[in-house]
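An overview of the molecular structure
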Amino acid sequence: MSYVQDWQAVQEKIRTEAWAKTVYDTLVETTEWWVTHYADDPRRITGWGHNYFCEACGSRIDFEREAPHVNSCGSCGHVNKGARFDQAWNYLYRDEAHKHVFYAGVLYQLTGDERYPAYIRSVLSFYCDHYEQLQVDVPAGYVGKIAGINLCDAVGMIWLLQGMEMIKETFSTAELQHYKSHLFNPQVELLEKLCKSIHNITCWMKAAVGMTGMFFGDSSYVERALEGPFGLLQQLQQGVTAEGFWYEGSFHYHFYCVEPFTYFLLFARMYEVTCNGMEEIVKRMYVFPAELVFDNGVFPNPNDGWPNIALTHYAGQYEYANRLFPDPAFEYALSRSYGAYYRQTMAYGGMIENSPEGWVQRLLFGKGEYAGEEMLRVTTNYPASQICSLRAGKTALFMKYGLNTRSHAHPDVMNIELFDADYLWSHDISSNGYGSFLFLEWQRKTIAHNTVVVDGVDQVYSERGMIEQFEPERNRIRAKAKEVYPGVDYARDIQLQEGCISDTFEVITADEHQTDWLFHCQGRMETAFETQPCSPIGSEFGYQHLMNLRVCTTSDSWSIRWIMGERTLTLRMEGCIGTDVYVFEGYEDTTAKKRSGVLVRRQGCGAAYRAVYTIE
């Protein structure tokens, strides 16, 4: 079995299908730059990619491959200066160089142009010649050698190996031995020493080790990758829930984790390596997200991960999955990944991660039309994954009611996201770069989510939730979480009908506390009650970022609505003595993007917030 089964079929796609010709032309254009201009320098110190976010507005800085260390923000124009930005640029340069090794290999197979193998050799020779000189400046515990952190070293190795696979017949035995002894062997030893946990980073490192073994014919590396307490088999058995969700509870990290397994399995097919049941789990990991995605192709987005993620961002992975183990769920996912379903991703400047036509994976494995039949996606509770999806017609609600780990978790138990009729009314903004002030001060704070804050501080909850009632035929769930704060339990009871949600949120405690119920929503906000400007109601835990704050004090029931396009979402809440209703604006993934919200404050020994949302 070869990487691509029929290269002539790929060439035929380019000749006859417009989307394939567009992808091919873009692939040639971006790869030509690297073939012509590649010039690395061993004096460059590589840093942490999460530092490449504007210090002024929080936007990801555009990587300009032809302008080292300019670091100008395309959103606000601010020029970001300093070593941390320059070192992040250095990492991005090598990251793109690695990916273009793969692209160059693809183009060699399609064109036979010897300049593409020459580029691949130049990248490999740079690392072999200067390996001992290379320096990184990254957080302790994540130290790599060639691309900053150890994770990025592993990712880079996998791209290099895939590109090398494309031109393997052009290498002499001496060349292969040189690359193995001067680059891949030391990288394997570096990464192996760091594989000490069930974690997405370890998955990439182990996959890189195993793919190195397969490519170079070193069975000891393959065994080290697969076996042992932190080998790939244990990563899947311990790290994937019974339903097929990566235990860190983030859709971004779910896809990021399953990606190296996908490349590993393709190599295993090619090199006839037995993987002891790995394929079944990996296939389930691709089916699972297709069951939960909203009808417009956008994912719920709990916990850490890039903001605004959608099927289109992972289309390349679904093309690989459909190549390895075809499934109707993958056809559905791919039918909602291209064309009208396309959504811009945060791709770096010179490298096209996705486009309305797709990218190199579709060129190699995909086709012009996908079956796209509607999947039967119904109200389902996923207790091992601590999430639930309620569905009725065009309305869908996603709830996170517990945690399997604190790794990459946000303090937002009982958070909900709401979709109806092609509108994502209320979504989890997730997070952007971990070095961004928005991540530290807003996105990872309880207040930025649709849950309850007690006494103005973040939740401390770190346990699994409990399901007290689940009635799928009525689209109803009642979930409970104990000790969300010391001595404070939560219970949330939600029932869904198409266009209507009833929601009761109980704060259960014997002591007196201040409780703040929150709902963030897209669209133009209109209130059915008078509000007055007010002073800030907090200076930390995200409260300092509530903007245009206004308040109404009432004991009566009240309502508020948001208008998007021709649709209106109305929130009605049952009255309670001494309620302060605050309306505000809050950030999303950058300071340029804002949405409105409502914060309902009460004081007492517990609280019961009874709300109804209707969408018309």
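Structure's up top.
Okay, so let's go over this structure. (Residues numbered from 1 in each chain as written. Predicted model: local features only at pLDDT ≥ 70, side-chain atom pairs only at ≥ 80, totals over all residues. Heavy atoms only, no water.)

This next bit is on the overall build of the protein. Scanning the protein from N- to C-terminus turns up 15 helices and 21 strands. For the protein, whose C-alpha radius of gyration is 25 Å, the value lies close to the compact-globule estimate of 25 Å for 616 residues. With the C-alpha coordinates aligned to their principal axes, the bounding extent of the protein is approximately 80 × 50 × 45 Å. Looking at the protein residue by residue over its 616 residues, the buried ones come to 63%. Excluding contacts between residues fewer than 6 apart, the proportion of contacts in the protein whose partners are at least 24 apart in sequence is 70%. Accessible surface, the protein as shown: approximately 22,200 Å² in total, 48% of it carbon and sulfur. Averaging the locations of the 53 positively and 78 negatively charged side chains of the protein gives two centres separated by 1 Å. (Helix = DSSP H or I, 4+ residues; strand = E, 2+ residues; numbered from the N terminus. Rg over C-alpha atoms; globule rule 2.2 N^0.38 Å. Buried < 20%, exposed > 50% of the residue type's maximum accessible area, 1.4 Å probe, protein only. Contact = heavy atoms within 4.5 Å. Areas by Shrake-Rupley, 256 points an atom, 1.4 Å probe, with all protein chains shown as cover. Lys, Arg positive; Asp, Glu negative; His and termini not counted. Charge placed at Lys NZ, Arg CZ, Asp CG, Glu CD.)

The next thing to look at is the packing of aromatic side chains. By the definition in use, this model includes 48 aromatic pairs. Both rings, one in Trp-204 and one in Tyr-256, keep their centres 5.1 Å apart while their planes meet at 40°; by these two values the pair is tilted. Of this pair, Trp-204 sits in helix α7 (residues 200-216) while Tyr-256 sits in helix α10 (residues 251-271), and the two are 52 residues apart along the sequence. (Phe/Tyr/Trp six-rings, centres within 6.5 Å; stacked < 30°, edge-to-face > 60°.)

Further remarks concern the sheet that holds strand β3 (residues 380-382). Strand order in this open sheet of 5 strands is β3-β4-β5-β6-β7, and the pairing throughout is antiparallel. Each edge of the open sheet is held by one strand with a lone partner, namely β3 and β7 (423-426). Neighbour-to-neighbour, the strand axes of the sheet open up by a mean angle of 15°, direction not taken into account. Where strand β6 (residues 415-420) meets β7, 3 bridges bridge the pair, whose relative direction is antiparallel. Bridge assignment links Leu-418 to a residue of β7, and that residue is Ser-426. Against the sheet, helix α11 (residues 278-292) makes contact with β3, β4 (387-392) and β5 (395-400), and its axis sits at roughly 45° relative to β4, the strand it touches most. (Pairing = 2+ DSSP bridges. Axes fitted to C-alpha atoms, helices over the stretch in contact; angles between N-to-C directions.)

Taken in spatial order, the 6 strands make up an open sheet running β8-β13-β20-β19-β16-β15, and their pairing is antiparallel. Of all the strands in the sheet, the pair left with one neighbour each is β8 (452-454) and β15 (532-533). For β8 and strand β13 (residues 513-521), the ladder comprises 3 bridges, and the chain directions are antiparallel. Its bridge partner being in β13, Val-453 is matched across the sheet by Asp-516.

Let us now look at the nonpolar core. Counting 146 residues, the largest nonpolar core has Tyr-3, Phe-102, Tyr-119, Phe-184, Phe-264 and Met-278 as the members making the most contacts within it. Leave out the neighbours within four places in its chain, and Tyr-3 touches Phe-102, Gln-162, Glu-165, Met-166, Leu-266, Phe-267, Met-270, Tyr-320, Arg-323, Leu-364 and Phe-365. Grouped together as the second largest cluster of nonpolar side chains are 64 residues, Met-414, Ala-479, Ile-537 and Leu-546 included. (Core = buried A, V, L, I, M, F, W, Y, C linked by side-chain atoms within 4.5 Å.)

Of all the 6 residues making up β5, 6 are buried; the element is thus mostly covered by neighbouring parts of the structure. Residues Thr-395, Leu-397 and Met-399 line one face of β5 and the alternating positions Ala-396, Phe-398 and Lys-400 line the opposite face, and both faces are buried. In this sheet, β5 lies alongside β4 in antiparallel orientation, the contact comprising 6 bridges. The partner of Cys-388 across the bridge, within β5, is Met-399. Counting the residues between successive antiparallel strands, the hairpin from β4 to β5 contains 2 residues, one of them, Gly-393, with a positive phi of roughly 60°. Bridge count between β5 and β6: 6 bridges; the pairing is antiparallel. Its bridge partner lying in β6, Leu-397 is registered against Leu-418.

Attention shifts here to the pattern of salt bridges. Per the stated rule, a full pass over the model turns up 35 salt bridges. Between Arg-269 and Glu-279 there is a salt bridge whose closest N-O contact spans 3.0 Å. With Arg-269 in helix α10 and Glu-279 in helix α11, this residue pair connects regions lying 10 residues apart in the sequence. We classify Arg-269 as partly exposed; its relative accessible area is 27%. Here the salt bridges do not stand alone but share partners, grouping Glu-468, Glu-471, Arg-474, Arg-476, Arg-478, Asp-493 and Glu-506 into one network. (Salt bridge = Lys/Arg side-chain N within 4 Å of Asp/Glu carboxyl O.)

It is worth spelling out helix α5 (residues 150-166) at this point. Taking 1.5 Å as the rise per residue, α5 with 17 residues should run 24 Å; its terminal C-alpha atoms sit 25 Å apart, in good agreement. Within α5, 17 of the 17 residues are buried, which leaves the element mostly enclosed by the surrounding structure. (Expected span 1.5 Å × (residues − 1).)

Our focus in this paragraph is the environment of Val-155. If you trace the backbone, Val-155 turns up in helix α5. When the C-alpha positions of Val-155 and Pro-260 are compared, they lie 8.2 Å apart, and in sequence the two are 105 residues distant. In this view, Val-155 contacts Trp-204 and Tyr-256; residues no more than four positions away in its chain are not counted.

Within strand β19 (residues 579-587), 8 of the 9 residues are buried, which leaves the element mostly enclosed by the surrounding structure. Pairing of strand β16 (residues 547-554) with β19 involves 6 bridges; the strand directions are antiparallel. Paired with Thr-554 across the two strands is Thr-579, which belongs to β19. Note: β19 against strand β20 (residues 594-604), 8 bridges, orientation antiparallel. Note on β20: the bridge partner recorded for Tyr-587 is Lys-594. Hairpin remark: β19 followed by β20, antiparallel, with 6 residues in the connecting loop.

Attention shifts here to unusual backbone geometry. Of all residues except glycine, most have a negative phi; of all peptide bonds, most are trans. The residue Asn-71 is not glycine, and still its phi comes out positive at about 55°. Tracing the backbone through its elements, the reader meets Asn-71 in the loop between β1 (45-46) and α3 (83-111). The exposure class of Asn-71 is buried, given its relative accessible area of 2%. Although it is not a glycine, Ala-421 adopts a positive phi angle of roughly 50°. Structurally, Ala-421 is set in the loop between β6 and β7.

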